[in-house]
Amino acid sequence: MSVLIIGGGQAGLQVADSLRSEGYSLPITVVADEAQLPYQRPPLSKDYLKSGGVPEPMPLRGPAFFAEHDITLIQGFAAASVDRANRTVALDDGRILGYTYLVFATGASNRRLSCPGASLPGVHGLRTLDDARRLHESLIRATNVVVVGAGFIGMEFAAAARSHGCRTTVLSPSDRPMARTLSPDMARWFIPAHERLGVELHLGQSLSHVEPDARGKVGAVVSESGQRHQADLVVAGIGVTPNDQIAAESGLDVQNGILVDEQLRTSDPRILAVGDCANFPNPRGNCRSRIESVQNATDQGRHAARTILGLGSEYNALPWFWSTQGPYRLQIAGLVDPRNDTLVLGDPLASKFSVLGFRDNQLVAVESMNRPADHMAARALLGSGHRITRELARSRGFSLKSALRDLTPLPA
């Protein structure tokens, strides 16, 4: 009996940690394709890059963790192929590792710009520690920064660039920032919020090409409308794709990630998938979901460990997220659907408010701006199974904290 985990991020290490915590005493091996000790990724686009930030990674586990828990960590090598018939994995250095259970925790990779000029020096992505280190050095010298894409990573980076005093422009084909993942109310609020930071937003503008300067480095970004934006640093934040190629080549079912069942097992019951690469049946949305968040990675890691140990049940963890963009701390509980009915609590003008999202007249998601108490109450409410209707939320004196306080226990 042995467990082999491909991926040294949040999800993969959580599987290993939880197996040991649950009493599993047999061999565990983690294959991490980066040479560094596994580290936390979320700070890379936030604290790491802001002016005065410390360019040191935050480890996911301390250096002694692996020896203390008898976990073999293979660093700097990637899985090349899986032989399901013989239950082996070949690494890119030729080593062959066996497994009884295999866990894909392979994460996701950045989408890359495909326009002319996309490979010029000065055009960057942001996913790994090496990416962040290069950007940290570049920001110190940069004057004009253009961010292509207005998702979470793009807007977090834009705020970080402004903290360095860079002229910062965001170019996006969407009519509002983070349009796919936020309610229209919250997404539209971010437009003047970032403009107050000094970010220039050019929404509804698609990228045409990147122009070189006289030295052959990036010099400008040109939109399809012909607008030219001077740039000595360009960051692409146009989304990610799941790392599911090896799984597909081994014959596993994939579709926008590796397809898994309610217990996170793939079409091969000896193989599981967790985190950014896993497409799972989400009972909270009545749909399949692939969620890119620390919460999902760690909760699925714990759940996969229990599945391996025969203790599994249906995965039903409440999703929650956060994003820090300058002085703005956004926290989300539940899955936001831009089509949901919404209700705003608090004062958007004071940058302290929450947007409640309802589906079929039931509260399903809460976005909170600089209101951490609302976020914690929302997580408890949404996880409780109680029904919070729009009518209740509109009643005099309603707040998320009062609703939580007034809950009566559900019958067993």
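Before any of the text, the structure's been laid out above.
Predicted, not measured: the structure shown is a model, and the values here were computed from it.

**What to know about the overall build of the protein**
Next, step 1: Scanning the protein from terminus to terminus reveals 10 helices and 26 strands.
Next, step 2: Expressed as lengths along the three principal axes of its C-alpha atoms, the size of the protein is roughly 65 × 60 × 35 Å.
Next, step 3: With 412 residues in all, the protein has 51% of them scored as buried.
Next, step 4: Considering only contacts in the protein between residues 6 or more positions apart, those separated by 24 or more positions represent 61%.
Next, step 5: Of the side chains in the protein, 42 bear a positive and 41 a negative charge, and the two mean positions are spaced by 4 Å.

**Observations regarding the environment of Ala333**
Next, step 1: Assignment of secondary structure puts Ala333 in strand β23 (residues 328-334).
Next, step 2: By relative accessible area, which is 0% here, Ala333 ends up buried.
Next, step 3: Once residues within four sequence positions are removed from consideration, Ala333 is found in contact with Pro319, Trp320, Val364, Ala365, Val366, His375, Ala378, Arg379 and Leu382.

**A short note on the sheet that holds strand β15 (residues 228-230)**
Each strand in a sheet pairs with another by means of backbone hydrogen bonds, the pair being arranged parallel or else antiparallel.
Next, step 1: Here we have 3 strands laid out as an open sheet, ordered β13-β14-β15, and antiparallel in their pairing. Unpaired on one side and paired on the other, β13 (207-212) and β15 mark the two borders of the sheet. With direction set aside, neighbouring strand axes in the sheet form an average angle of 25°.

**Here's the deal with the pattern of salt bridges**
Next, step 1: This model, assessed by the stated rule, comprises 19 salt bridges.
Next, step 2: The shortest N-O distance in the salt bridge between Arg95 and Asp93 comes to 2.7 Å.

**So, the sheet that holds strand β18 (residues 258-259)**
Next, step 1: Strand order in this open sheet of 3 strands is β18-β20-β21, and the pairing throughout is mixed. Whereas interior strands pair on both sides, the edge strands pair on one side only; in this sheet they are β18 and β21 (287-289).
Next, step 2: In the sheet, β18 pairs with strand β20 (residues 278-282) via 2 bridges, with the strands oriented parallel. Opposite Ile258, over in β20, you have Ala278 as the bridge partner.

**A closer look at the packing of aromatic side chains**
Next, step 1: In total, this model carries 6 aromatic pairs according to the counting rule given.
Next, step 2: Judged by centre distance (5.2 Å) and plane angle (85°), the ring pair of Phe65 and Phe66 falls under edge-to-face. No difference in accessibility class separates Phe65 from Phe66, as the two residues are buried.
Next, step 3: Ring plane angle 80° and centroid distance 5.2 Å describe the contact between Trp189 and Tyr328, whose orientation is recorded as edge-to-face. Here the residue Trp189 occupies a position in helix α5 (residues 184-197), and Tyr328 occupies one in strand β23, the gap between them amounting to 139 residues. For the pair formed by Trp189 and Tyr328, the shared burial category is buried.

The rules behind the values
- Residues numbered from 1 in each chain as written.
- Predicted model: local features only at pLDDT ≥ 70, side-chain atom pairs only at ≥ 80, totals over all residues.
- Heavy atoms only, no water.
- Helix = DSSP H or I, 4+ residues; strand = E, 2+ residues; numbered from the N terminus.
- Buried < 20%, exposed > 50% of the residue type's maximum accessible area, 1.4 Å probe, protein only.
- Contact = heavy atoms within 4.5 Å.
- Lys, Arg positive; Asp, Glu negative; His and termini not counted.
- Charge placed at Lys NZ, Arg CZ, Asp CG, Glu CD.
- Pairing = 2+ DSSP bridges.
- Axes fitted to C-alpha atoms, helices over the stretch in contact; angles between N-to-C directions.
- Salt bridge = Lys/Arg side-chain N within 4 Å of Asp/Glu carboxyl O.
- Phe/Tyr/Trp six-rings, centres within 6.5 Å; stacked < 30°, edge-to-face > 60°.

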